[in-house]
Amino acid sequence: MQELALEITNAAVRLGGRTVWSGVDLRVGSSEFVAILGPNGAGKSTLLKALLGVVPLSEGSIRLFGKPVRRGTDAVGYLPQRRRFDPDLRIRAGDLVRLGLDGDRWGLPLPSAEHGRRVDAVLQMVGASAYRHRPIGELSGGEQQRILIAQALISGPRMLVLDEPLESLDLNNQQAISELIRGICREQGVTVLLVAHDVNPILPFVDRVVYVAGGRVLSGAPQEVIRTDTLTRLYGTPVEVLRTSDGRLVVVGQYEPVSHHPHDH
Amino acid sequence: MGGLLDFHFMQNAYAAGTLVALLAGAAGYFVVLRGQSFAAHMLSQVGFPGAAAGALLHVSPVLGLLVFCAAGALAVGGLGRDVDAGDRTQSAAIGSILALALGLGLLFVRLHGGGTQLIYSFLFGAILGITDADVQVTAAVAIAGLAFLAAIGRPLVFASVDPDVADARGVPVRALAMAFLLILAISVAVTVQIVGTLLVFALLVAPGAAALQVTARPVAGVAISVAVAVAVTWAGLALAYFTDLPVGFLVTTLALGAYAAARTARVLVPA
């Protein structure tokens with residue numbers, strides 16, 4: 001039996017008096033690539049924040065690699081959902097990456113040779129060395145995403161938690177970033193949990209699909225979940241799963257603006 | 001240098017001005033990085049009645065400034081939201097409260113029996129009237145402020161540019177925001193002595209803005225911001241001594257000049 005990377009037991013989160021989801025049981029094996037799907041507002045980001053220890057559970061427990069979740073652990077690298085950085089934000093991309101390593105330590109951000117080497121190495125790995133000295137705000141969306149993945153990786157995590165890393169990227173960059181994440185998962189055995197709005201770019205290498213909808217969190221193998229009937233039920237709107245001539249699955253549908261708030265009064 | 005430092009009041013002006021410039025330059029880098037210029041402006045206006053209350057109670061105006069600015073920082077932090085984020089209802093409320101602050105200052109000045117000279121010095125600074133006691137308070141505040149800023153520097157940069165990841169990495173983002181507001185409050189309080197409540201931007205925003213035009217490195221940014229603040233203060237005081245023009249006018253002009261030069265340099269020589 002593979003080591004468990006993530007073990008969620010009977011977990012629930014309540015925010016502002018509303019139960020976001022409850023009765024969640026989920027197990028993810030080490031080195032798995034997991035896609036998290038679901039309508040807007042269903043609690044996907046909340047699920048990620050719960051396993052980062054940023055949002056507390058109202059019941060149940062979450063264990064990462066056998067240990068209870070703890071905010072700030074080096075075992076997890078996080079890329080939050082966001083728009084682009086402000087174009088006027090004047091901090092070098094390499095400095096931002098380094099903050100992922102030592103930004104939580106008190107004192108002045110003085111240069112350090114050892115940390116500089118680790119920044120070099122991780123930037124090399126994600127292919128972002130060329131623009132490490134440029135201010136983050138001046139980089140393109142794809143370049144910013146590589147920098148942020150480097151930032152998430154620099155503490156040497158065993159799990160990457162990525163909230164819509166492909167959003168607002170063009171098709172080429174979606175492809176490139178997906179391949180990069182797949183490589184990190186396969187070659188370094190890093191478990192990946194990735195929230196995706198559009199599942200198509202990552203569909204070829206997803207090991208497991210977790211879907212968050214209607215106050216529940218369920219999971220299954222891609223071939224069980226990525227089906228016309230399942231996705232249509234999940235999103236509450238017609239979704240079609242097609243198979244291309246070379247055997248790839250493609251999800252087609254208008255599954256964007258549906259928001260489930262089943263516990264609202 | 002025909003006697004620039006011959007007079008005791010000029011020695012005090014240079015001592016206090018340098019201390020203020022060191023703190024305001026360092027804090028100012030973070031003000032600009034965090035986009036908190038409006039918070040700095042708010043705290044300076046809250047400082048006006050503070051200075052007047054200090055005069056009214058026959059303690060030093062700088063002590064009144066410290067108390068009022070710190071109380072203002074706690075109130076701003078207690079709102080729980082970023083005042084610079086632009087909430088319509090909140091900005092209307094804050095605008096009204098700031099007007100009240102100036103009105104209160106006016107009341108305190110009247111109760112004190114002081115005239116336009118006192119109001120003038122609170123609004124535009126009175127660096128040439130700094131006492132030995134003011135210099136001592138300024139020194140203590142500047143050293144404490146710089147030491148505290150040095151201690152929280154790195155996580156503050158992290159929380160300023162990337163709050164979501166900083167939070168997930170265990171950085172106390174909200175506590176740091178509060179701590180920085182307090183540092184900003186004491187920086188404003190001592191800066192008001194030099195350039196008055198209406199002109200604090202000259203030392204608290206312009207040097208940081210100039211620094212961020214020419215560098216994207218945090219340590220270099222703080223160093224340049226401090227250097228600009230000190231240079232502008234020294235030059236402003238010297239020019240005021242020799243020309244008899246107001247210090248506030250000279251410091252604001254030089255500060256804007258430094259920012260304009262930095263901006264031009266960035267356009268002409270792209271990084």
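Our subject is the structure that appears above.
Here is what the cut-offs are and how they apply
Residues numbered from 1 in each chain as written. Chains lettered and ligands numbered in written order. Predicted model: local features only at pLDDT ≥ 70, side-chain atom pairs only at ≥ 80, totals over all residues. Helix = DSSP H or I, 4+ residues; strand = E, 2+ residues; numbered from the N terminus. Rg over C-alpha atoms; globule rule 2.2 N^0.38 Å. Buried ≥ 20, exposed ≤ 12 C-beta atoms within 10 Å, placed from the backbone. Contact = placed C-beta atoms within 7 Å. Pairing = 2+ DSSP bridges. Core = buried A, V, L, I, M, F, W, Y, C linked by C-beta atoms within 7 Å. Axes fitted to C-alpha atoms, helices over the stretch in contact; angles between N-to-C directions. Nonpolar A, V, L, I, M, F, W, Y, C, P; charged D, E, K, R; others polar.

Another aspect to go through is the overall build of chain A. Along its length, chain A carries seven helices and twelve strands. Taking 265 residues into account, the globule formula puts the C-alpha radius of gyration at 18 Å, and chain A, at 19 Å, falls close to it. Considering chain A as a whole, with its 265 residues, one finds that 41% of them fall into the buried category. Considering only contacts in chain A between residues 6 or more positions apart, those separated by 24 or more positions represent 67%.

This part covers the overall build of chain B. Broken down by element type, chain B carries twelve helices and zero strands. Reading chain B from its N end, one meets helices and strands in the order α-α-α-α-α-α-α-α-α-α-α-α. In terms of overall size, chain B behaves like a compact globule, its C-alpha atoms giving a radius of gyration of 18 Å where 271 residues would be expected to give roughly 18 Å. Principal-axis analysis of the C-alpha atoms places the extent of chain B at approximately 55 × 40 × 30 Å. Taken across its 271 residues, chain B has 55% of its residues classed as buried. Put simply, 75% of the contacts in chain B that link residues at least 6 apart link residues at least 24 apart.

Below, the discussion takes up the pairing of strand β6 (residues 76-79) of chain A. The two faces of a sheet get side chains in turn, since along a regular strand they alternate between them. Residues and elements named next belong to chain A. Here β6 shows a buried face lined by V76 and Y78 and a second buried face lined by G77 and L79. Where β6 and strand β7 (residues 159-163) come together, four bridges link them in parallel fashion. Across the sheet, L79 pairs through a bridge with L162, a residue of β7.

Turning next to the environment of B:A189. Looking at the element boundaries, B:A189 is found in helix α8 (residues 173-195). Here B:A189 falls in the buried class, since 33 other C-beta atoms lie within 10 Å of it.

A separate point is the nonpolar core. Grouped together as the largest cluster of nonpolar side chains are 179 residues, with contacts concentrated most on A:L194, B:C69, B:L184 and B:L203. When residues in this core are grouped by element, the largest group, 16 residues, is from helix α1 (residues 8-34) of chain B. Beyond its immediate sequence surroundings of up to four residues, B:L203 is in contact with B:V20, B:A21, B:A24, B:G28, B:T191, B:I194, B:V195, B:A229, B:T233, B:V251 and B:A255.

Right, let's talk about the sheet that holds strand β5 (residues 67-68) of chain A for a bit. Residues and elements named next belong to chain A. Taken in spatial order, the four strands make up an open sheet running β2-β1-β4-β5, and their pairing is antiparallel. The outermost strands of the open sheet, each flanked by one partner alone, are β2 (18-29) and β5. Of the pairings in the sheet, the one linking strand β1 (residues 4-15) to strand β4 (residues 59-64) comprises five bridges and is antiparallel in character. Within β4, the residue paired with A12 across the bridge is E59. Packed on one face of the sheet, helix α1 (residues 44-52) meets β1, β2 and β4 and runs near 115° to β1.

Attention now moves to the interface of chain B and chain A. Size of an interface: often given as the accessible area lost when the parts come together. The interface of chain B with chain A comprises 23 residues on the first partner and 26 residues on the second. Those elements that place two or more of their residues in the side of chain B that touches chain A are α6 (132-161), α7 (163-168) and α11 (218-243) of chain B. For the side of chain B that touches chain A, the element with the highest residue contribution is α6(B), accounting for nine residues. Here the residues of the side of chain B that touches chain A sort into 15 nonpolar, two polar and six charged.

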